[in-house]
Amino acid sequence: MKKIKKIIEKYVNVSLMSDKERGEWSKIYSKLSYQSVDYIFDLINYRVTYLKSCNSKNLSLIFYFNGNPIAIVPIIIFNKKKNNFDSLGLLSPSFDKEVSKKLKFEIFSKYLEIIDEIKKNFSLKLKFNIGCLNYDDYEFLSFLNDKNFKIIGMNKIFLIKNKNSFEKIFSDFRKSYKPLINSNIKKYKPKIMNYNNFDEKIWSKFRKLHKKIAGKVTRKSETWNHQKKALLNNNAILVYLETQNKFLGFSFFYYTNDEAIYASAVFDEKSKSQKIPVGHLIQYKAIKFFIKKNIKNYKIANAHFNKKSSLKEENILKFKKGFANSIVNELILNN
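Every chain is numbered independently, its residues counted from 1 as its sequence is written. In view of the model being predicted, local features appear only for residues whose pLDDT reaches at least 70, and side-chain atom pairs are presented and counted only at 80 or more, with totals across whole chains, interfaces and linings using the full set of residues. For the side-chain quantities, the full set of heavy atoms in the structure was used; hydrogens and water were omitted.

As for the overall build of the chain
Filter applied, for reference: A helix here means a DSSP run of H or I that spans at least four residues, while a strand means a run of E at least two residues long, and both kinds are numbered starting from the N terminus. Between buried and exposed lies partly exposed: a residue is buried under 20% and exposed over 50% of the maximum accessible area for its type, with that area taken using a 1.4 Å probe on protein chains only. Computed with the Shrake-Rupley method and a 1.4 Å probe, the accessible areas treat only the protein chains shown as cover for residues.
Along the chain, the regular secondary structure elements total twelve helices and 15 strands. Each principal axis of the C-alpha distribution contributes one length, and for the chain these read about 60 × 40 × 40 Å. Scored against the burial criterion, the 335 residues of the chain give a buried share of 54%. Element-wise, carbon and sulfur atoms account for 48% of the exposed surface of the chain, whose accessible area totals about 17,100 Å².

Structural data, given as structure tokens:
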């Protein structure tokens, strides 16, 4: 990180997220014109920790004007191969809603300069993933276009867009899902755990079922701590199904004022043999929660450009797509 700090020190009014307390990041996050899930403090730390075995580095930046934070951008790089770093996909800076267009473009230029220096020092593949779900994305896309960046691919993001009516959203579910849900939702009632009703025992059950189904511990305990922090900071929920004192499944979701994502899940094998549609019922409960919160976009699935999927991954994607009512393209650009 010494090399990174030397790069950042060259620039006025820029600091690393890792050098600041949560409060500094949260101060600007609460003022963003659109709160993307990817900018959640605890999710960024989760991803960095998850990739620790690949020598991950948190290079996320805070931009200032007159001493006040006005923009943030997550940057995570990791060592895919020896001396060959990759990134999770560089995003556009996200701004305080009061920032002028002129100042935004000045920050875009500074951001690109910093990325170019990081690229030189870490042999980083320079690519941006722009989802075009908010105005900052469109403005940054325009900026990259002026800098002769080219579109080299597109990921597909499957969404559940808020139609201000759960009934309208439910009507868009895959036809086979509706009777499955309607015939089981009264008997098996999923529950939500959030910052208001956090229960360490239920959290522990989630972790234990994850280990049981995987057959081993698959990730560091620190990643679980970051997820718990997100939940306690009102940026996540855990939806679960319990019957006769047995937990049949859990799903973990991140969310903001504008967006939500389906992050992880685990289901007891017995629920499959008993033909209980645990995944469907948990999604039903989560979607109702997001609609009540007036969240604009629930990003339920991604289909990644140029990636070979296993049969298991294809089946998971097929399941998720059955709830979606919209698709947007995430543009991948480089120069």
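Here's the deal with the sheet that holds strand E12 (residues 246-255)
For clarity, the cut-off: For two strands to pair, DSSP has to find at least two bridges joining them. Lines fitted to C-alpha atoms define the axes here, with helix axes fitted over just the stretch in contact, and angles between the N-to-C directions of these axes take values from 0 to 180 degrees.
Judged by pairing direction, the sheet is mixed, and its eight strands sit side by side in the order E8-E15-E9-E14-E13-E12-E11-E10 without closing on themselves. Only two strands of the sheet have a single neighbouring strand rather than two, namely strand E8 (128-130) and strand E10 (191-193). Strand-to-strand twist in this sheet, taken as the mean axis angle between neighbours without regard to direction, amounts to 35°. The pairing of strand E13 (residues 259-267) with strand E14 (residues 297-303) spans three bridges and is parallel.

Observations regarding the pairing of strand E11 (residues 236-243)
Consecutive side chains of a regular strand alternate in pointing toward one face of the sheet and then the other. Burial analysis of E11 places six of its eight residues in the buried class, the great majority of the element. Bridge analysis of E11 against E12 gives eight bridges, and the strand direction is antiparallel. Along E12, the bridge assignment pairs Ile237 with Phe253. Between E11 and E12, which pair antiparallel in sequence order, lie two residues; one of them, Gln244, sits at a positive phi of approximately 50°.

Some words on the pairing of E13
Pairing of E12 with E13, which is carried by seven bridges, proceeds in the antiparallel orientation. Each residue of the ladder has a partner; that of Phe252, found in E13, is Ser264. Where E12 folds back on E13, the antiparallel hairpin that results is connected by three residues.

Observations regarding the sheet that holds strand E1 (residues 14-16)
Spatially, E1-E3-E4-E7 is the arrangement adopted by the four strands of the open sheet, whose pairing is antiparallel. Of all strands in the sheet, those bounded by a partner on one side alone are E1 and strand E7 (94-95). In the sheet, strand E3 (residues 61-65) pairs with strand E4 (residues 68-73) via five bridges, with the strands oriented antiparallel. Across the sheet, residue Tyr64 finds its bridge partner in E4, namely Pro69.

Some points on the nonpolar core
Convention followed: Working definition of a nonpolar core: buried Ala, Val, Leu, Ile, Met, Phe, Trp, Tyr and Cys residues. They are joined through side-chain atoms within 4.5 Å. Contact definition: two residues touch when any of their heavy atoms are within 4.5 Å.
Membership of the largest hydrophobic core comes to 38 residues, with the highest contact counts inside it found for Leu61, Phe63, Ile75, Tyr111, Ile118 and Phe128. Contributing elements (two or more residues each) for this core: helix H1 (2-9), E1, E3, E4, helix H4 (101-122), E8, helix H5 (135-146) and strand E15 (326-334). Residues in contact with Leu61, not counting those within four places in the same chain, are Ile8, Val14, Ser15, Leu16, Trp25, Ala71, Ile72, Val73, Ile75, Tyr111 and Ile114. Membership of the second largest hydrophobic core comes to 37 residues, among which are Trp25, Tyr46, Ile62 and Ile261.

Focus: the environment of Ala263
Relative to the helices and strands, Ala263 resides in strand E13. In contact with Ala263, not counting residues within four places along its chain, are Phe252, Phe253 and Tyr254.

Section: the confidence of the model for the chain
To be explicit about the condition: Scored between 0 and 100, pLDDT is the confidence that the predictor attaches to each residue.
For the chain, the mean per-residue pLDDT works out to 91, and 97% of the residues sit at or above 70. Strand E6 (residues 84-87) is the least confidently modelled element of the chain, averaging 62 in pLDDT, while E10 averages 98, the highest of any element.

Observations concerning empty space enclosed by the protein
Threshold: Only protein atoms enter the calculation, which uses a 1 Å grid: trapped sets of points that fit a 1.4 Å probe without letting it out are cavities, open sets showing protein on both sides within 12 Å along at least five of seven lines are pockets, and any residue with an atom within 4 Å of a point is a lining residue. Grid points are joined across faces, edges and corners, and a volume is the space filled by probe spheres set on the points. When residue character is reported, Ala, Val, Leu, Ile, Met, Phe, Trp, Tyr, Cys and Pro are called nonpolar, Asp, Glu, Lys and Arg charged, and the others, Gly included, polar.
The tally for this structure, following the rule as stated, stands at one cavity of 30 Å³ or more. Taken together, Ile160, Lys161, Asn162, Ile287, Phe290, Ile291, Ile295, Lys296 and Tyr298 form the lining of the largest cavity. Those elements that place two or more of their residues in the lining of the largest cavity are strand E9 (150-161) and helix H11 (278-292). The element best represented in the lining of the largest cavity is H11, accounting for three residues. A per-class count over the lining of the largest cavity returns six nonpolar, one polar and two charged.

Describing the side chain of Arg219
The cut-off we apply is this: The charged-residue count follows a simple rule in which Lys and Arg add positive charge and Asp and Glu add negative charge, with His and chain termini not counted at all. The term salt bridge refers to a side-chain nitrogen of Lys or Arg lying within 4 Å of a carboxyl oxygen of Asp or Glu. Two N or O atoms form a polar contact when they lie within 3.5 Å of each other; inside protein one atom must be a possible hydrogen donor and the other a possible acceptor, and for residues adjacent in sequence the pair counts only when both atoms belong to side chains.
Structurally, the position occupied by Arg219 is in the loop between helix H8 (200-214) and helix H9 (221-232). One buried charged side chain, Arg219, makes no salt bridge at all; its nearest oppositely charged neighbour is Glu222, positioned 11 Å away. Among the polar contacts made by the side chain of Arg219, one reaches the side chain of Thr223 at a distance of 2.8 Å. Of the polar contacts made by the side chain of Arg219, one reaches the side chain of Gln227; its length is 3.0 Å. In this view, Arg219 contacts Tyr46, Tyr50, His210, Trp224 and Gln227; residues no more than four positions away in its chain are not counted.

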